[in-house]
Amino acid sequence: MDVLWRRIGRVADSIKIAAATQRGQHLMQNSSFNFAGAVAYRRAAETPSATAVLAVDSHGRVEAWAYGRVARESRQLAAALAGAGLVQGDRVLILMARVPRWQIAMTACLHLGLVPVPCVTQATAAELAYRADRCGARGAIADAPLAGRLEGLDLPVRVSRGARSGWLDFERLVESDADVPPLATMPADTPALMYFTSGSSGPPKAVMHAARAIRVRASQPWQQLGLREGDVLWTTSDTGWTRAGSVLLFGPWMHGAIPLMVEEPPEPAARLDLIEH
């Protein structure tokens, strides 16, 4: 037993050393980091036709989204959000299903230095009101069927994926030709992303992530799963959890893998068929 615990201790120590080394590299090499420009737009410039997202919609239809399209729509959405009055540091609630335009909404916010606040799609109106109040949200991007839960909140800027009265139309915004604002400068410690905890031990708590933390989050799937460039990566996590950020956006785009977005994950038995195909 003592031998076993010593081995466990050595493994734990090696993990701590690797993590500390990695943190040091991030701190030394990245005094400023804007994910939109450094990753999404860079890949679009280098390989515009490469697949950024593989999507399966609610009807089972499969579509590949190229980096060129993702970058173009992200830039135009950023232009619209800036035109609507949002400025760097503003918090924006994101309430969307597992669809490629969730990645676009997140990237557009990061472009401007806005702080996206992904929310779980199961959240009730009261739970969303709590989040909006706690983070001081000034905007929201939501799927039309979910947007009703945000009605009544003081959110000056509202964007809906799907037509909704009183909301800006996501689809129209990304097809505009408005002038694109410059990328926000994001020093390493700049607030860049906010998540709320599950609330299993009390009221959900807001957790702010700095710009450099996005790089660390992007490394998780690769450190844990040993993935390689070109691999297809899937998680059934809701977009409001940190796992979705790591596996469906930051990780794969940083390392050249392809996230699989399944809008409505099938029943357990059918998931194996989806993986095989």
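What you see is a predicted model, and the numbers here were worked out from it, not measured in a lab.

Draft legend 1. Here's a closer look at the overall build of the protein chain. The number of helices and strands found in the protein chain is ten helices and eleven strands. When the 277 residues of the protein chain are sorted by exposure, 48% land in the buried category. Summarising the internal contacts of the protein chain: among those between residues at least 6 apart in sequence, 67% fall at separations of at least 24. By element, 53% of the accessible surface of the protein chain is carried by carbon and sulfur atoms, the whole surface being about 13300 Å².

Draft legend 2. Molecular detail of the state of the cysteines. By the definition in use, this model includes zero disulfides. Left without a disulfide partner, Cys119 is nearest to the cysteine sulfur of Cys135, which lies 7.3 Å away. Residue Cys119 is classed as buried on the basis of its relative accessible area, which comes to 1%. On the accessibility criterion, Cys135 (9% relative accessible area) is buried.

Draft legend 3. Local environment of the side chain of Thr235. As for its placement among the helices and strands, Thr235 is situated in the loop between β10 (232-234) and α9 (242-255). Polar side-chain contacts of Thr235 include one of 3.1 Å to the backbone nitrogen of Ser237.

Draft legend 4. Looking closely at the side chain of Asp238. Structurally, the position occupied by Asp238 is in the loop between β10 and α9. The side chain of Asp238 sits in the buried core without any salt bridge; Arg98 is the nearest counter-charge, 4.8 Å away. At 2.5 Å, the side chain of Asp238 forms a polar contact with the side chain of Thr121. Leave out the neighbours within four places in its chain, and Asp238 touches Arg98, Cys119, Val120, Thr121, Gln122 and Ala244.

The rules behind the values
- Residues numbered from 1 in each chain as written.
- Predicted model: local features only at pLDDT ≥ 70, side-chain atom pairs only at ≥ 80, totals over all residues.
- Heavy atoms only, no water.
- Helix = DSSP H or I, 4+ residues; strand = E, 2+ residues; numbered from the N terminus.
- Buried < 20%, exposed > 50% of the residue type's maximum accessible area, 1.4 Å probe, protein only.
- Contact = heavy atoms within 4.5 Å.
- Areas by Shrake-Rupley, 256 points an atom, 1.4 Å probe, with all protein chains shown as cover.
- Disulfide = S-S within 2.5 Å.
- Polar contact = N/O pair within 3.5 Å; in protein donor to acceptor, adjacent residues only side chain to side chain.
- Lys, Arg positive; Asp, Glu negative; His and termini not counted.
- Salt bridge = Lys/Arg side-chain N within 4 Å of Asp/Glu carboxyl O.

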